[in-house]
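Per-entry structural report
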Amino acid sequence: MTKKLYYESAYLKDWHTSVSQVVEREDGLYLILEETAFYPHGGGQPCDAGTIGGIPVLDVILAENVVLHKVESLLDGNQVSCQLDWNRRFDHMQQHSGQHLLSAVFRELFQAMTLSFHLGNDYATIDLELRELTPDQLAAAEQEVNRQVVLDRNIMSYFVTPEEMASLPLVKLPKVTENIRIVEIEGVEHNACGGTHVSSTGAIGMIKLLRAEKQKGNIRITFKCGGRALDEANDNQRILSALSAKFNTGKDEIMDRIGKWEAEQKQLQAELAVLREQNDIYMAKELLSGLEPEARVIAHIFEDKSLKDLQSLAAKLTANTELPVLLLTAMENKAVLACSGSAGLSCGAFFKAHLGEFQGKGGGSDKMAQAGFPAWDEVLKFYEFAKVNL
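About the cut-offs
Residues numbered from 1 in each chain as written. Predicted model: local features only at pLDDT ≥ 70, side-chain atom pairs only at ≥ 80, totals over all residues. Heavy atoms only, no water. Core = buried A, V, L, I, M, F, W, Y, C linked by side-chain atoms within 4.5 Å. Buried < 20%, exposed > 50% of the residue type's maximum accessible area, 1.4 Å probe, protein only. Helix = DSSP H or I, 4+ residues; strand = E, 2+ residues; numbered from the N terminus. Contact = heavy atoms within 4.5 Å. Pairing = 2+ DSSP bridges. Axes fitted to C-alpha atoms, helices over the stretch in contact; angles between N-to-C directions. Disulfide = S-S within 2.5 Å. Phe/Tyr/Trp six-rings, centres within 6.5 Å; stacked < 30°, edge-to-face > 60°. UniProt positions renumbered as here; feature names shortened; annotations may be inferred. Parallel < 35°, antiparallel > 145°, perpendicular 65-115°, else oblique. Left-handed = near helix turned anticlockwise from the far one by under 90°. Nonpolar A, V, L, I, M, F, W, Y, C, P; charged D, E, K, R; others polar.

**A few points about the nonpolar core**
Grouped together as the largest cluster of nonpolar side chains are 32 residues, with contacts concentrated most on F106, L209 and I221. Of all the secondary structure elements, the ones that give two or more residues to this core are α2 (86–110), β9 (114–119), β10 (124–128), α3 (135–150), β12 (180–185), β14 (207–215) and β15 (218–225). With 7 residues, α2 is the single largest residue contributor to this core. Leaving out residues up to four positions away in the same chain, F106 has contacts with Q111, A112, I126, L128, L133, L138, A141, L209 and I221. Core analysis: the second largest hydrophobic core is formed by 20 residues, L33, I55, V67 and C82 among them.

Pasting the structure below:
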């Protein structure tokens, strides 16, 4: 059986040992070591990474109480030097210890039990047995958990017998009945846990609660601890600084400035909509007045109109003519076909029957259809075809 060094000290970074067995599984090669500090997946905590004899460790799993280390190739020799990816390990320790402390705070403040814990690459979450959580309650929990961090309480881990466990005020009973490992935050809680932890709450660093959201009738808290929380604060500061520079104002006034900017944009959009409406009316009159007596279709190509612009103009044209309307935009490689419906033409059916010949994709109703094309020359080919066959 492999000696699990991560239970003796979570701060061990490198060690020398021997390879006791090479295991070939369907998904690759695995090594069993005499001693290992590589923590396997478990308890919501991802596995460690690092190297064995200079070879990268790709995965670490626990199978029948044996720690298996997945490697990309076999090693030369039996004696090996192992090294943890310490940044990854310490990050996991901060997040996991932070989760214990955060869960304890939610139990104390709101009698909310933690149902599950997930530690991802970017953030961590806990699901609480809680129906509602107000912003003020979330803020209170964040303030209290960071107060506990500053108190720098000792975090200890040790194994107990079932009899010893019975005398401890555990958060909940473990599923195992032997090799029972307790993680104790001094003066806060005793929790059965097999994960790696920092030595005191102070080493967790700042705990930042990002959001609370409902999840299957419970509340999910997303949070970051330590280095992740610092990175989050730095990212937010960079964004605030960029917004301050953009709006030429202090950070405390950014929201007011954005509110004014939004009002200005709404006003500009309203004015632009009026101008577009007037322009469409004028353009419709121009196209209708320029028709040849024998014209069978109103067709026109625009360089810089959007699909929405074409649809708006087409609607105004078909309100004043029974001829089909075919409009193109070079800006988006798109076409619009519209009709009043009085001539028996179905725009959607016409597109469905012919778009494939020109690599076009789209569709629509009897009175209006739209399509996009991969290249402008295909749009033009379809345009010429449609003018003749409508």
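There's more to say after this.
**Let's talk about the environment of A299**
Note on placement: A299 falls in strand β16 (residues 298–302). Between the C-alpha atoms of A299 and E384, which are 85 residues apart in sequence, the distance is 9.6 Å. Residues in contact with A299, not counting those within four places in the same chain, are L326, Y383 and K387.

**Things to note about the sheet that holds strand β5 (residues 50–52)**
Reading around the barrel, the 6 strands line up as β2-β3-β7-β6-β5-β8 and close back on themselves, with antiparallel pairing between neighbours. Neighbour-to-neighbour, the strand axes of the sheet open up by a mean angle of 50°, direction not taken into account. In the sheet, strand β2 (residues 14–25) pairs with strand β8 (residues 79–84) via 5 bridges, with the strands oriented antiparallel. For W15, the partnering residue across the bridge sits in β8 and is C82.

**Quick look at the side chain of N218**
With respect to the element layout, N218 can be found in strand β15. Classification of N218 by relative accessible area gives buried; the value is 17%.

**So, the state of the cysteines**
By definition, a disulfide is the covalent link that joins the sulfur atoms of two cysteine residues. Summed over the entire model, instances satisfying the criterion amount to 0 disulfides. C47 supplies the cysteine sulfur nearest to C82, a cysteine that is in no disulfide, at a spacing of 14 Å. On the basis of relative accessible area, C82 is assigned to the buried category, the value being 2%.

**Let's talk about the packing of aromatic side chains**
Aromatic ring pairs are defined here through the distance separating the ring centres and the angle between the ring planes. Scanning all chains against the criterion turns up 14 aromatic pairs. Ring geometry for Y6 versus Y39: centroids 5.3 Å apart, planes at 80°, classification edge-to-face. With a gap of 33 residues between them, Y6 in helix α1 (residues 5–8) and Y39 in the loop between β4 (35–36) and β5 connect regions that are remote in the sequence. Of the two residues, Y6 and Y39, neither departs from the other in class, the shared state being buried. The interplanar angle of 75° and the centroid separation of 5.6 Å between the aromatic rings of F358 and F382 together place this pair among those described as edge-to-face. Of this pair, F358 sits in the loop between α8 (347–354) and β19 (361–364) while F382 sits in helix α9 (residues 376–389), and the two are 24 residues apart along the sequence. On the accessibility criterion, F382 (0% relative accessible area) is buried.

**Regarding the UniProt feature "coiled-coil region" (unreviewed entry) in the protein**
Residues given the UniProt feature "coiled-coil region" (unreviewed entry) here are residues 251–285. Helix and strand shares over residues 251–285 are 91% and 0% respectively, and the end C-alpha atoms of the span are 51 Å apart.

**Brief notes about the packing of helix α6 (residues 254–289) against helix α7 (residues 307–318)**
Here α6 crosses α7 at 55°, and the two axes come no closer than 9 Å. The angle between α6 and α7 falls in the class oblique. In terms of crossing hand, the pair formed by α6 and α7 is right-handed. Contact residues: α6 offers R276, E277, D280, I281, M283, A284, L287 and L288, while α7 offers D309, S312, L313, K316 and L317. For the contact of α6 with α7, the residue count by class is 7 nonpolar, 1 polar and 5 charged.

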